[in-house]
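# Structural overview for review
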Amino acid sequence: MLIAHVLRDKGAQVHTARADISLEEAARELDLKRVGALVVMSESGAIIGVVSERDIVREVSRRGSDCLCEAVKTVMSKDVVTALLNETIDEGLARMTEGRIRHLPVIEDGKLVGIVSIGDLVKHRIAAVEAEAA
């Protein structure tokens, strides 16, 4: 099964943020959208980072709540690991495990077309195993 199949089933909506919004704004957006990560985009539409709930919690733990006024760009993951539509779920899971990450922005022709979480991939992997067993 391919990453493209996961996006087809779950939808391709991606929640994004600018690098200059505050961590508090990002936390509010994560809660409002009920997602675990936001893809941080440049003004030109390029992926420049990912900020997750974990990033924010880790920073609050280290520095206290005063850090919530800091910009997302100060804590976002800048070395963004991505996936392609034609990659398999197993390839995505391996990359996530290796990088200890939970979200993979999906790109096609250099453009952001979706995002998958480790939960999305595990859910589809389990469904495929169950279908094979049946």
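Here the structure is shown first, and the text comes after it.
It should be emphasised that the depicted structure is a prediction, and the values quoted were computed from it without experimental measurement.

Basis of the calculations
Residues numbered from 1 in each chain as written. Predicted model: local features only at pLDDT ≥ 70, side-chain atom pairs only at ≥ 80, totals over all residues. Heavy atoms only, no water. Helix = DSSP H or I, 4+ residues; strand = E, 2+ residues; numbered from the N terminus. Expected span 1.5 Å × (residues − 1). Buried < 20%, exposed > 50% of the residue type's maximum accessible area, 1.4 Å probe, protein only. Arc of directions from axis to C-beta. Contact = heavy atoms within 4.5 Å. Pairing = 2+ DSSP bridges. Axes fitted to C-alpha atoms, helices over the stretch in contact; angles between N-to-C directions.

The terminal C-alpha atoms of helix α5 (residues 118–133) lie 22 Å apart, and with 16 residues this matches the ideal 22 Å at 1.5 Å per residue to within 8%. Among the residues of α5, Asp120, Leu121 and His124 are the ones counted as buried. Across the axial projection of α5, the buried residues extend over an arc of 95°, all falling on one side. Exposed positions of α5 whose direction lies more than 90 degrees from the buried face are Lys123, Glu130 and Ala133. Looking at the packing, one finds that the buried side of α5 touches α1 (3–10), α4 (89–99) and β6 (111–117).

At Arg34, a residue that is not glycine, the phi angle is positive and equals roughly 55°. Counting through the fold element by element, Arg34 comes out in the loop between α2 (23–33) and β2 (37–41). Its identity as a non-glycine residue notwithstanding, Arg100 has a phi of 55°, on the positive side. Structurally, Arg100 can be placed in the loop between α4 and β5 (103–108). Accessibility expressed as a relative area gives 72% for Arg100, which makes it exposed.

The three strands are arranged β4-β5-β6 in an open sheet whose pairing can be described as mixed. In this open sheet, the two edge strands, each paired with only one partner strand, are β4 (83–84) and β6. Bridge count for β4 against β5 is two bridges, and the pairing is parallel. By the bridge assignment for β5, Ala83 is matched with Val106. Sheet strands touched by α4: β4, β5 and β6. Its angle to β5, the strand with the most contacts, is close to 130°.

For a regular strand, the rule is simple: side chains alternate between the two faces of the sheet. Bridge count between β2 and strand β3 (residues 47–52): five bridges; the pairing is antiparallel. Bridge pairing links Ala37 to Ser52 in β3. Linking two consecutive strands that pair antiparallel, namely β2 and β3, is a turn of five residues; a positive phi of about 95° is found at Gly45 within it.

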